[in-house]
Amino acid sequence: MVRRRAAIVHTGLVLLGLMLLPGGLAVSSGWAADEPNVSAAAAGTAPAASALSDPIARALVDLQSDEAAVRAQAVAVLIAQGDASLIPRLDELREVGSRAVRIAIKPVVDLLKNRANLASASPDTRRSAAADLGMAGRPEAIPFLKAAAAKEDVWWVRYTMEEAHHFLELKAEDPALQREAVTKLGELRSLNSVSVLQELVEAAQQPEATDAQQTLGTAAAAAIAQIESWSSWANVLETLFRGISLSSILLIMSLGLAIVFGLMGVINMAHGELMMIGAYATFVTQQAFQAWVAPEAFDWYFLVALPVAFLTAAAVGWVLEATVIRFLYGRLLETLLATWGVSLILMQAARVYFGDLTAVIAPEALRGGAQVMVGVYLPYNRIFIIVLSILCVLGIYFLLFRSTLGIRVRAVTQNRNMSACLGIPTRKVDAYTFAFASGLAGIAGWALTMVGNVDPGLGQNYIVDSFMVVVTGGVGKLAGTIWAALGIGGLNKLIEPFSGAVYGKVFILVGVILFLQWRPQGLFAAKGRSADA
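All values reported here derive from a predicted model rather than from experimental measurement.

**Section: the overall build of the chain**
Moving on, step 1. Regarding its fold elements, the chain presents 23 helices and two strands.
Moving on, step 2. A burial count over the chain gives 43% of its 533 residues as buried.
Moving on, step 3. Look at the contacts in the chain between residues 6 or more apart in sequence, and 70% of them connect residues 24 or more apart.
Moving on, step 4. Working note: accessible area of the chain is about 27,300 Å², and carbon and sulfur atoms make up 63% of it.

Printed below as a string of structure tokens:
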């Protein structure tokens, strides 16, 4: 009882303070005529009486009434005439009010906040506010959404605003307005409204349905057909994008394998762990920036991590070639077993030092995505990986076909003995090429930190698919590697929706085996005397 009285006293003091603010809450006296106990003179001269005559001030008082109807009327007034400046006052009332008062205040605060956010400078904030207003289900928000949509320049934000106000119009009492809203939602291809439209269809199928409900149900069924037809095409486009994204990851991963396998005949099972090293180098760079660099420059860590990841993986690859690979050239089974052992050592070392799971924070530029059309959302990090794979292919092409080092690498790949007779230091070419291929794996790990967590088993998720890309494309063939990565990555994502991820990989593996039985040399076979070697 003491707490209740203290709360009432506190509330009264809050309201009195609000009434006595400079200028008062308002100067209108529209409500004073409804109060028989307030004299005209007092209404015109007393600040407190003037404040009480204001609809907003009166609604703040009525909001604490014990009668639900009075609270509902107060909520309607605050929503219709209030703005974001009322939010601090409502928060104070919510702190000291009863449970019924808190329940009444919450939708008012949410609506006023979202109404203010419709004018935010951030498109994401405006879009989120529009979506929240649509899901709140309060028709009072329709005028706000219409006004904001008329001034909106960003098409996707404007789309969300239009979708939200048509969604709210579905609850209107006017059947004509409901039918118009159903038609508009169908034209907008609104996936969010399918469940509500389905309810209208089911209501029209009931025996007691009126003619208006049946007409509305027919329109809703037509709208659902429009939405589902568009959704199927949108799913196809998103599946193609995911396939290209996976193909890009496999391509970056496979480029180094293709060079090493074609040049040295080495099956490097530790290539995935070299990618893991690049990912952890990116993580360490991030931690260094968090510790020693100003927060406003934090996003630059990702750019700095690129050479760090490349050089770290390249250095580990150079050491691996000098201590293990160099003594096993031409012995495929031995290189497979030795590099597999190295991969286990690297994985356990990473697990001991870093733990089982770490994460890299994406820079601001790579967060979010582009909504290119309704139902098709392209994440920026995936677009970045696709662009990176194109740059890597161009870089390797110019290195192999437009540089002196590239001529030496291709010469050693085609005929090692003849290259040695012509004075090419084949051992140095092997070491440099293996280090460069390892650096490419490090770049792949640097990029993969944007699409998932960093863990010791990161490389194992892609190593098998990468080897399938290399052997399917043709050993040492850049064009074959590109086409095989596109084929395997694309087929993987096309099969997954029907068979699941695990069986999808099984089907791809069986398909590759059958393809190699028919064409053992891969998509692009070696030509000339090197084909007979």
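**A short note on the packing of aromatic side chains**
Moving on, step 1. Taken as a whole and judged by the stated rule, the model has 14 aromatic pairs.
Moving on, step 2. With a centroid separation of 4.2 Å and 15° between ring planes, the pair formed by Tyr 280 and Phe 354 is classed as stacked. Placement of the pair is Tyr 280 in helix H14 (residues 271-292) and Phe 354 in helix H16 (residues 332-354), with a sequence separation of 74 residues.
Moving on, step 3. Residue Phe 354 is classed as partly exposed on the basis of its relative accessible area of 25%.

**Section: the packing of H14 against H16**
Moving on, step 1. One can describe the packing of H14 onto H16 by two numbers: an axis separation of 10 Å at closest approach and a directional angle of 20°. Our classification of the angle between H14 and H16 gives roughly parallel. Between H14 and H16 lies a crossing whose hand is left-handed. Side by side, H14 and H16 meet where Glu 273, Met 276, Ile 277, Tyr 280, Phe 283 and Val 284 of the first sit next to Ser 343, Leu 346, Met 347, Ala 350 and Phe 354 of the second.

**Some words on the side chain of Thr 449**
Moving on, step 1. When you line up the elements, Thr 449 lands in the loop between helix H20 (426-448) and helix H21 (463-473).
Moving on, step 2. Separated by 2.6 Å, the side chain of Thr 449 and the backbone oxygen of Trp 446 make a polar contact.
Moving on, step 3. Beyond its immediate chain neighbours, meaning those up to four positions away, Thr 449 contacts Ala 279, Thr 282, Phe 302, Val 360 and Val 454.

**Section: the nonpolar core**
The nonpolar side chains of soluble globular proteins are, as a tendency, buried together.
Moving on, step 1. Among the nonpolar cores identified, the biggest contains 62 residues, and Leu 255, Met 275, Trp 446 and Tyr 462 are the most heavily contacted of them.
Moving on, step 2. The leading source of residues in this core is helix H13 (residues 211-264), at 11 residues.
Moving on, step 3. Excluding its chain neighbours within four sequence positions, the residues that come into contact with Trp 446 are Gly 278, Ala 279, Thr 282, Phe 302, Ala 305, Leu 306, Ala 309, Phe 384 and Leu 388.
Moving on, step 4. In this structure, Phe 144, Leu 145, Ala 149 and Leu 168 belong to the second largest nonpolar core, which totals 34 residues.

**Observations concerning the pattern of salt bridges**
Moving on, step 1. Following the criterion strictly, the structure yields 13 salt bridges and no others.
Moving on, step 2. Here Arg 58 ties to Asp 62 by a salt bridge, and the two come within 3.6 Å at their closest N and O atoms. Linking Arg 58 with Asp 62, this pair stays in helix H4 (residues 55-62), spanning four residues, or about one helical turn.
Moving on, step 3. A relative accessible area of 21% means that Arg 58 is categorised as partly exposed.

**Digging into the confidence of the model for the chain**
Moving on, step 1. Model confidence for the chain is summarised by a mean pLDDT of 81, while 88% of its residues fall at 70 or above.
Moving on, step 2. In the model of the chain, helix H2 (residues 40-45) stands out as the element of lowest mean pLDDT, 36, in contrast to helix H15 (residues 301-323), which has the highest, 94.
Moving on, step 3. In this model, residues 1-11 is a region of pLDDT below 50 whose contacts with residues beyond four sequence positions or in other chains number seven contacts.
Moving on, step 4. Low pLDDT (under 50) marks residues 13-53, which in the prediction has 41 contacts with non-local residues, meaning those over four places away or in another chain.

**A look at unusual backbone geometry**
Moving on, step 1. For Arg 189, which is not glycine, the phi dihedral falls at a positive 55°.
Moving on, step 2. In this fold, Arg 189 is placed in the loop between helix H11 (175-188) and helix H12 (194-204).

**Considering helix H5 (residues 68-81)**
An α-helical segment advances 3.6 residues per turn. Residues three or four places apart therefore align on the same side.
Moving on, step 1. In a regular helix each residue adds 1.5 Å, so 14 residues correspond to 20 Å; H5 covers 20 Å between its end C-alpha atoms and thus fits that length.
Moving on, step 2. The set of residues buried in H5 consists of Arg 71, Ala 74, Val 75, Val 77, Leu 78 and Ile 79.
Moving on, step 3. Considering only its buried residues, H5 is in contact with H4, helix H6 (87-96), helix H7 (99-117) and helix H9 (142-151).

**Description of the pairing of strand S2 (residues 376-379)**
Moving on, step 1. Of the two faces of S2, only the one carrying Val 376 and Leu 378 is buried; Tyr 377 and Pro 379 on the other face are not.
Moving on, step 2. Here four bridges tie strand S1 (residues 369-373) to S2, and the two strands are oriented antiparallel to one another. The residue of S2 that forms the bridge with Gly 369 is Pro 379.
Moving on, step 3. Two successive antiparallel strands, S1 and S2, enclose a turn made up of two residues, where Gly 375 displays a positive phi of approximately 85°.

Conventions and cut-offs
- Residues numbered from 1 in each chain as written.
- Predicted model: local features only at pLDDT ≥ 70, side-chain atom pairs only at ≥ 80, totals over all residues.
- Heavy atoms only, no water.
- Helix = DSSP H or I, 4+ residues; strand = E, 2+ residues; numbered from the N terminus.
- Buried < 20%, exposed > 50% of the residue type's maximum accessible area, 1.4 Å probe, protein only.
- Contact = heavy atoms within 4.5 Å.
- Areas by Shrake-Rupley, 256 points an atom, 1.4 Å probe, with all protein chains shown as cover.
- Phe/Tyr/Trp six-rings, centres within 6.5 Å; stacked < 30°, edge-to-face > 60°.
- Axes fitted to C-alpha atoms, helices over the stretch in contact; angles between N-to-C directions.
- Parallel < 35°, antiparallel > 145°, perpendicular 65-115°, else oblique.
- Left-handed = near helix turned anticlockwise from the far one by under 90°.
- Polar contact = N/O pair within 3.5 Å; in protein donor to acceptor, adjacent residues only side chain to side chain.
- Core = buried A, V, L, I, M, F, W, Y, C linked by side-chain atoms within 4.5 Å.
- Salt bridge = Lys/Arg side-chain N within 4 Å of Asp/Glu carboxyl O.
- pLDDT = per-residue confidence, 0-100.
- Expected span 1.5 Å × (residues − 1).
- Pairing = 2+ DSSP bridges.

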